[in-house]
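What follows is each chain in one-letter form.
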Amino acid sequence: MVNEEKYKDINTFCNANKATLVAVSKLKPASDIAKLYALGQRHFGENYVQELVDKQTQLPNDICWHFIGHLQSNKVKYIASFVHIIQSVDSIKLLTEIDKQAKKNNRIIKVLLQIHIAEEETKFGFDELELSNVDFLNFKSIEIIGLMGMATFTNDKEKVKNEFENLHKIYVNFCKQTNSKLTTLSMGMSDDYVLAITCGSNMVRIGSLLFGKR
Ligand SMILES: *Cc1c(COP(=O)(O)O)cnc(C)c1O
């Protein structure tokens, strides 16, 4: 169920803090997305390629679709013509494929590099050393606009805070490394978006608070 009152509160909070709100609609029907769209929401996040493609064809063209799930290289081609930002880029192999598909579609695709900040081994992403070795000049049809990360799934707020502060520090260093064409630090979800914004996030990805449990 879509919580419209909650949406208005969170949207006001994000605007006041100059953070972009990405409404994470994975596993929710297109009709739920349409409800927030009617309230003015334009940024939506999806985790699964087939589901995103299905929804994109049903919904208005001015939606900015963020791909936020783990993306297999062989599936980039299905979203390359329309995706707004791919937030979950976690390997050079994937960067190379996005670059190729962007070129084919005659466009520049914006990406965030996903950084592994959590304790769980199951989460994806670059570490700091790998990040320093990315050769940006190789990718002509990609615009790297920032970083994305997910904290450990835990009730330990101090631990989450440390991870967010660490990602913010990596972002600041990465800005220097890239002579600062970066604009975006995507961190924070339903349980921790206020903390994330306090730690320097300017893009939050919120699902269950807006759309209910999955
Ligand atoms: C599902 C998901 C979210 C949203 O999670 P909620 O806890 O429902 O807000 C945010 N980011 C990523 C990468 C996700 O997979």
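A. The overall build of the protein chain, seen in detail. Secondary structure assignment for the protein chain yields 9 helices and 8 strands. Here the C-alpha atoms of the protein chain give a radius of gyration of 16 Å, agreeing with the 17 Å that 2.2 N^0.38 yields for 214 residues. Looking at the protein chain as a whole, 50% of its 214 residues are labelled buried. For the protein chain, the share of sequence-separated contacts (at least 6 apart) that also reach a separation of at least 24 residues comes to 58%. Of the roughly 10600 Å² of accessible surface on the protein chain, a fraction of 50% belongs to carbon and sulfur atoms. Treating the 27 positive side-chain charges of the protein chain as one cloud and the 25 negative ones as another, the clouds have centres 5 Å apart.

B. Up close: the site of the ligand. By nearness alone, every residue bordering the ligand is listed as Val24, Lys26, Asn47, Ile68, Met150, Met189, Ser190, Arg205, Ile206, Gly207, Ser208 and Arg214. Here an oxygen atom of the ligand sits 2.6 Å away from a polar atom, N or O, in the side chain of Ser190. For the ligand, a nitrogen atom lies 2.9 Å from a polar atom in the side chain of Arg205. Coverage of the ligand by the protein amounts to 91% of the 390 Å² it exposes when considered alone. Among the detected pockets, the ligand sits in the largest pocket. Here the shell around the ligand is built from residues that sort into 5 nonpolar, 4 polar and 3 charged.

C. Here's a closer look at helix H5 (residues 92-104). Helix length check: H5 (13 residues) gives 19 Å between terminal C-alpha atoms against 18 Å at 1.5 Å per residue, within 8%. Residues of H5 that are buried: Leu94, Leu95, Glu97, Ile98, Asp99, Gln101 and Ala102. Considering only its buried residues, H5 is in contact with helix H4 (76-79), strand E4 (85-89), strand E5 (109-115) and strand E6 (142-149). Positive backbone phi, approximately 60 degrees, marks Asn106, located one or two places after H5.

D. Just the layout of surface pockets, in detail. As a volume, the largest pocket reaches approximately 850 Å³. Lys26, Lys123, Met150, Met189 and Arg214 are, among the 34 residues lining the largest pocket, the residues nearest its centre. Elements supplying a minimum of two residues to the lining of the largest pocket: helix H7 (157-177) and strand E8 (203-206). Residues that form the lining of the largest pocket fall into these classes: 12 nonpolar, 13 polar and 9 charged. Of the voids in this model, the second largest pocket is the one considered here, and its volume is about 320 Å³. Taken together, Phe136, Leu137, Phe139, Ile142, Glu143, Ile144, Gln177, Thr178, Asn179, Lys181 and Leu182 make up the full set of residues lining the second largest pocket. Looking at the lining of the second largest pocket element by element, the count peaks at 3 residues for E6.

E. Expanded view of the pattern of salt bridges. Within this structure, the stated rule accounts for 9 salt bridges. We note a salt bridge from Lys55 to Glu46, for which the minimum N-O separation is 2.8 Å. Of the two residues, Lys55 and Glu46, neither departs from the other in class, the shared state being buried. We note a salt bridge from Glu163 to Lys159, for which the minimum N-O separation is 3.9 Å. Note that Glu163 and Lys159 are positioned in helix H7 at a spacing of 4 residues, about one turn of the helix. Classification of Lys159 by relative accessible area gives partly exposed; the value is 23%. Residues participating in the shared-partner salt-bridge network are Glu46, Glu51 and Lys55.

About the criteria used
Residues numbered from 1 in each chain as written. Predicted model: local features only at pLDDT ≥ 70, side-chain atom pairs only at ≥ 80, totals over all residues. Heavy atoms only, no water. Helix = DSSP H or I, 4+ residues; strand = E, 2+ residues; numbered from the N terminus. Rg over C-alpha atoms; globule rule 2.2 N^0.38 Å. Buried < 20%, exposed > 50% of the residue type's maximum accessible area, 1.4 Å probe, protein only. Contact = heavy atoms within 4.5 Å. Areas by Shrake-Rupley, 256 points an atom, 1.4 Å probe, with all protein chains shown as cover. Lys, Arg positive; Asp, Glu negative; His and termini not counted. Charge placed at Lys NZ, Arg CZ, Asp CG, Glu CD. Near = heavy atom within 4 Å. Polar contact = N/O pair within 3.5 Å; in protein donor to acceptor, adjacent residues only side chain to side chain. 1 Å grid on protein atoms, 1.4 Å probe; cavity = no way out; pocket = protein on both sides within 12 Å on 5 of 7 lines; lining within 4 Å. Sits in = over half its atoms within 2 Å of the grid points. Nonpolar A, V, L, I, M, F, W, Y, C, P; charged D, E, K, R; others polar. Expected span 1.5 Å × (residues − 1). Points joined across faces, edges and corners; volume = space filled by probe spheres on them. Salt bridge = Lys/Arg side-chain N within 4 Å of Asp/Glu carboxyl O.

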